[in-house]
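Residues per chain are reported as follows:
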Amino acid sequence: MRLLRLLWLSVFALGACDEVNFPVPNGDAGPIHDSGVVRVDLGTLADAGPAADVGAPDASGLDAAVNVDASGPDAFVPDGGTPDAGPVDTGPCSFEALGPADRDRVMVIGHNQMVTDIRSLTLSAAGVISDNGTRLNIAERFGRAEFTPSGELLLVLTEDGTLISVAVNGAASMMIIDQISLPGASYGDLRLSENGRTAWIVGFNSNTGSDKAGLASVNVGCDGELTHDEGAFLEYPLSQSMAVLPGDQRAVYLGGGVDFFEPMDPNETRILARSGRGWTEIAAFNLFDGDSVDALRIALSPDGQTLIIPNGSAFSAFGSTISIVNVNFSAATLQPATTIMDVDDAREAIFSPDGATALVSQFSTNRVQVLGNPGGGWQITDTVTGIGLAEQIAMIRRGSLAGRAYLPSIDASGPLNIAILQVTGPGQVQNLGQYDLPPGSPNAPTGIAIVP
């Protein structure tokens, strides 16, 4: 579980340095620099305005000496009126349309070790990262974030189940619009519909009732207002992750597998179909013989035929594995194909845009496994080492940077950084180095999101 890994992370930090701060070469960076961020109460129309340059040192190597224009599309103006209690508006919003495939993008990094901040950076169309953004305090520990298609709205999920909508006007401007609280659980997976109007959030615990675990559906208004659709909630204890087929009509859900408390349910992997406002289960499978699964994020190939389940569970006979599963949505079947063994602490999986390559992060072993299918089934084709506490992965899926992956990296020796990998062919990845973040535990990166 993620909480166990965070406990391990604390031991790692304490053992690596004499201070409580993260083990970085130059020690703690001291007080966080106030870059002019203003948290706006709900309904307020005041513009937070551009933030001052935080004065971070120029990047070296791959990202050296490039002055990126941080300007971006104008953010929509939040509606400060009384929330509409009527039916959810399903019409088009300004944030539904994808921007140009080659453009400057905003990258957001989550911090949750000594602070509860998100940090914005600019990723240029040429692939250069610039620290010309700002920081925004979200008041709770960061879990996951996703941008709507245009990049004008960011949804941030905290580990305790608060979902926050943030208006983004380029890297220099982030403003909280709305936030809601979901049923009490531990949260880590967030998926957005293709039009950005619905968010699906997975919550993990063993409870029922008001603090139930499972799949929550949240409607996203054109003004950034969030509404939890409680009638569409699917209750599954021990829920882990969700992967949605392009088109948003079918999905695979990892949740259940309860064999030690009531109600008993041996099935932990499910096929869901979009049904009205939410989802309906159409088939359930016991792929792990009733044993536990611990996956931060599963992945479904773009064609919907291959599912990857990383299992980093320390308490399972199926732990330290990557399961490759054949998917047939028409027949509503899941069929195990291959199990890759000895992949300790496997956390998160992601496919390349063409579906010919997959990456799986390994937390405690500080590496990423590269998977390909050269003809005899999916297998490990390469391993990238030196990515400290590898967990979340964000990948560009369009334009000249398609197949470029970014991972927050906390190294025991060396600077805090964003590791950069480029998929170059089926099962092939080039290590492009890293973008260094300022030293000090308040800058330790734990999550990442990039404008599509």
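Whatever comes next refers back to the structure up there.
Quick notes on the rules
- Residues numbered from 1 in each chain as written.
- Predicted model: local features only at pLDDT ≥ 70, side-chain atom pairs only at ≥ 80, totals over all residues.
- Heavy atoms only, no water.
- Helix = DSSP H or I, 4+ residues; strand = E, 2+ residues; numbered from the N terminus.
- Buried < 20%, exposed > 50% of the residue type's maximum accessible area, 1.4 Å probe, protein only.
- Contact = heavy atoms within 4.5 Å.
- Areas by Shrake-Rupley, 256 points an atom, 1.4 Å probe, with all protein chains shown as cover.
- Pairing = 2+ DSSP bridges.
- Core = buried A, V, L, I, M, F, W, Y, C linked by side-chain atoms within 4.5 Å.
- Axes fitted to C-alpha atoms, helices over the stretch in contact; angles between N-to-C directions.
- Salt bridge = Lys/Arg side-chain N within 4 Å of Asp/Glu carboxyl O.
- Disulfide = S-S within 2.5 Å.
- Polar contact = N/O pair within 3.5 Å; in protein donor to acceptor, adjacent residues only side chain to side chain.
- Phe/Tyr/Trp six-rings, centres within 6.5 Å; stacked < 30°, edge-to-face > 60°.

Draft legend 1. Representation of the overall build of the protein chain. The helix and strand inventory of the protein chain stands at 1 helix and 30 strands. Evaluated residue by residue, the protein chain yields a buried proportion of 58% over its 452 residues. For the protein chain, long-range pairs separated by at least 24 residues make up 53% of all intrachain contacts whose partners lie at least 6 apart in sequence. Surface accessibility of the protein chain: about 17500 Å² in total, with carbon and sulfur atoms responsible for 50%.

Draft legend 2. The arrangement of the sheet that holds strand β29 (residues 428-436) in detail. Across the sheet, 4 strands lie side by side as β26-β27-β28-β29; this open sheet has antiparallel pairing. Edge strands, defined here as strands with exactly one partner in the open sheet, are β26 (394-395) and β29. Across 2 bridges, the pairing between β26 and strand β27 (residues 404-409) is antiparallel. Counterpart to Ala394 in the pairing with β27 is Tyr406.

Draft legend 3. Here's a closer look at the nonpolar core. With 21 residues, the main nonpolar core has Met107, Leu123, Ile129, Tyr406, Ile448 and Ile450 as its most contacted residues. Elements with a contribution of two residues or more to this core: β1 (105-111), β2 (117-123), β28 (417-425), β29 and β30 (447-450).

Draft legend 4. View of unusual backbone geometry. Even without being a glycine, Ala139 presents a positive backbone phi close to 75°. The residue Ala139 is located in the loop between β4 (135-137) and β5 (142-147) in this model. Taking relative accessible area as the criterion, Ala139 reaches 51% and is therefore assigned exposed. Even without a glycine there, the phi angle at Asp248 is positive, about 65°. Topologically, Asp248 is positioned in the loop between β14 (241-244) and β15 (250-254).

Draft legend 5. Region of interest: the sheet that holds strand β25 (residues 379-385). Read across the open sheet, the 4 strands follow the order β22-β23-β24-β25; overall the sheet is antiparallel. A strand with exactly one partner marks an edge of an open sheet, and here the two such strands are β22 (346-351) and β25. Within the sheet, the average angular offset between the axes of one strand and its neighbour, ignoring direction, is 25°. The pairing of β22 with strand β23 (residues 357-362) spans 4 bridges and is antiparallel. The partner of Ala346 across the bridge, within β23, is Gln362.

Draft legend 6. Spotlight on the pattern of salt bridges. As enumerated under the stated definition, the model contains 11 salt bridges in all. Linking Arg144 and Glu348 is a salt bridge whose minimum nitrogen-to-oxygen distance equals 3.1 Å. Taken together, the positions of Arg144 in strand β5 and Glu348 in strand β22 put the pair 204 residues apart, joining distant regions of the chain. Accessibility expressed as a relative area gives 1% for Glu348, which makes it buried. A salt bridge links Arg191 to Asp189; the shortest N-O distance between them is 3.7 Å. The pair Arg191 / Asp189 is uniform in exposure class, with both members buried. Connected through shared salt-bridge partners, Glu146, Asp189, Arg191 and Arg297 make up one network.

Draft legend 7. Structural detail: the state of the cysteines. Tallied over the full model, the rule gives 1 disulfide. Put simply, Cys93 and Cys222 are joined by a disulfide, and their sulfur atoms are 1.9 Å apart. Here Cys93 and Cys222 share a disulfide; its torsion about the S-S bond, -80°, makes the bridge left-handed. In this pair, Cys93 is assigned in the loop between α1 (2-16) and β1 and Cys222 in the loop between β11 (214-220) and β12 (226-228), connecting sequence segments 129 residues apart.

Draft legend 8. Representation of the environment of Arg191 in the model. Positionally, Arg191 belongs in strand β9 (residues 186-192). We classify Arg191 as buried; its relative accessible area is 17%. When the C-alpha positions of Arg191 and Met242 are compared, they lie 7.6 Å apart, and in sequence the two are 51 residues distant. At 2.9 Å, the side chain of Arg191 and the backbone oxygen of Ile298 are in polar contact.

Draft legend 9. Main features of the packing of aromatic side chains. Throughout the structure, instances matching the rule amount to 4 aromatic pairs. Between Trp200 and Trp279, the aromatic rings sit 5.2 Å apart at their centres with planes inclined by 75°, giving edge-to-face as the arrangement. Note that Trp200 is positioned in strand β10 (residues 198-204) and Trp279 in strand β17 (residues 278-285), a separation of 79 residues in sequence. Here the two residues Trp200 and Trp279 agree in accessibility, since each one is buried.

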